[in-house]
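Now for the letters of each chain:
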Amino acid sequence: MSLPDLPDGLPLSMHNGRATVTVERDGDSLIVTATCDSLERQIEIVEEELWHTKQQAEAYRSQLEESVKQRSNGVWPTLKWLFAGIAAGVVLTITTTKIYGSIRRR
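All of the points below concern the structure found in this document. (Residues numbered from 1 in each chain as written. Predicted model: local features only at pLDDT ≥ 70, side-chain atom pairs only at ≥ 80, totals over all residues. Heavy atoms only, no water.)

**With respect to the pattern of salt bridges**
For step 1, the next point in the chain: For the coordinates displayed, the defined rule picks out two salt bridges.
For step 2, the next point in the chain: With a closest N to O distance of 3.4 Å, E65 and R61 form a salt bridge. One end of the pair, E65, and the other, R61, are both in helix α1 (residues 37-105), four residues apart, so they sit about a helical turn from each other.
For step 3, the next point in the chain: Assessed through its relative accessible area of 47%, E65 is described here as partly exposed.
For step 4, the next point in the chain: Here R61 falls in the partly exposed class, since its relative accessible area comes to 48%. (Salt bridge = Lys/Arg side-chain N within 4 Å of Asp/Glu carboxyl O. Helix = DSSP H or I, 4+ residues; strand = E, 2+ residues; numbered from the N terminus. Buried < 20%, exposed > 50% of the residue type's maximum accessible area, 1.4 Å probe, protein only.)

Written out as structure tokens, the structure reads:
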């Protein structure tokens, strides 16, 4: 059978080892599809590696966002406790000075 005599919609396939070629006629056009088992397996491997890499990148991105969030929130609590300590020191100093002054005047 020659390619021009191929009926519409009836594919013609040939195998050679792991390679397969399929020819199909669609009107005046010929559609040729070629596959190879080893190449298909390589594509599957690369797609799987790509999926794992994408998952790792997303996990790293979420860790990075969490780290940035913690750092941005980490300054305010520190300053809050610093100002609370300073205020407590001022109050204690004033109270102690007044108590010491009243004891000394007696």
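**Things to note about the environment of T33**
For step 1, the next point in the chain: By the secondary structure assignment, T33 is in strand β3 (residues 29-36).
For step 2, the next point in the chain: Residue classification places T33 among the partly exposed positions, given a relative accessible area of 41%.
For step 3, the next point in the chain: Sequence-wise, T33 and I94 are 61 residues apart; in three dimensions their C-alpha atoms are separated by 91 Å.

**Some details on the sheet that holds strand β1 (residues 12-16)**
The strands that make up a sheet pair up through hydrogen bonds in the backbone, lying either parallel or antiparallel.
For step 1, the next point in the chain: Pairing within the open sheet is antiparallel, and its three strands lie in the order β1-β2-β3. The open sheet has two free edges, formed respectively by β1 and β3, since each of these has just one partner strand. Neighbour-to-neighbour, the strand axes of this sheet turn through a mean angle of 15°, independent of strand direction. (Pairing = 2+ DSSP bridges. Axes fitted to C-alpha atoms, helices over the stretch in contact; angles between N-to-C directions.)

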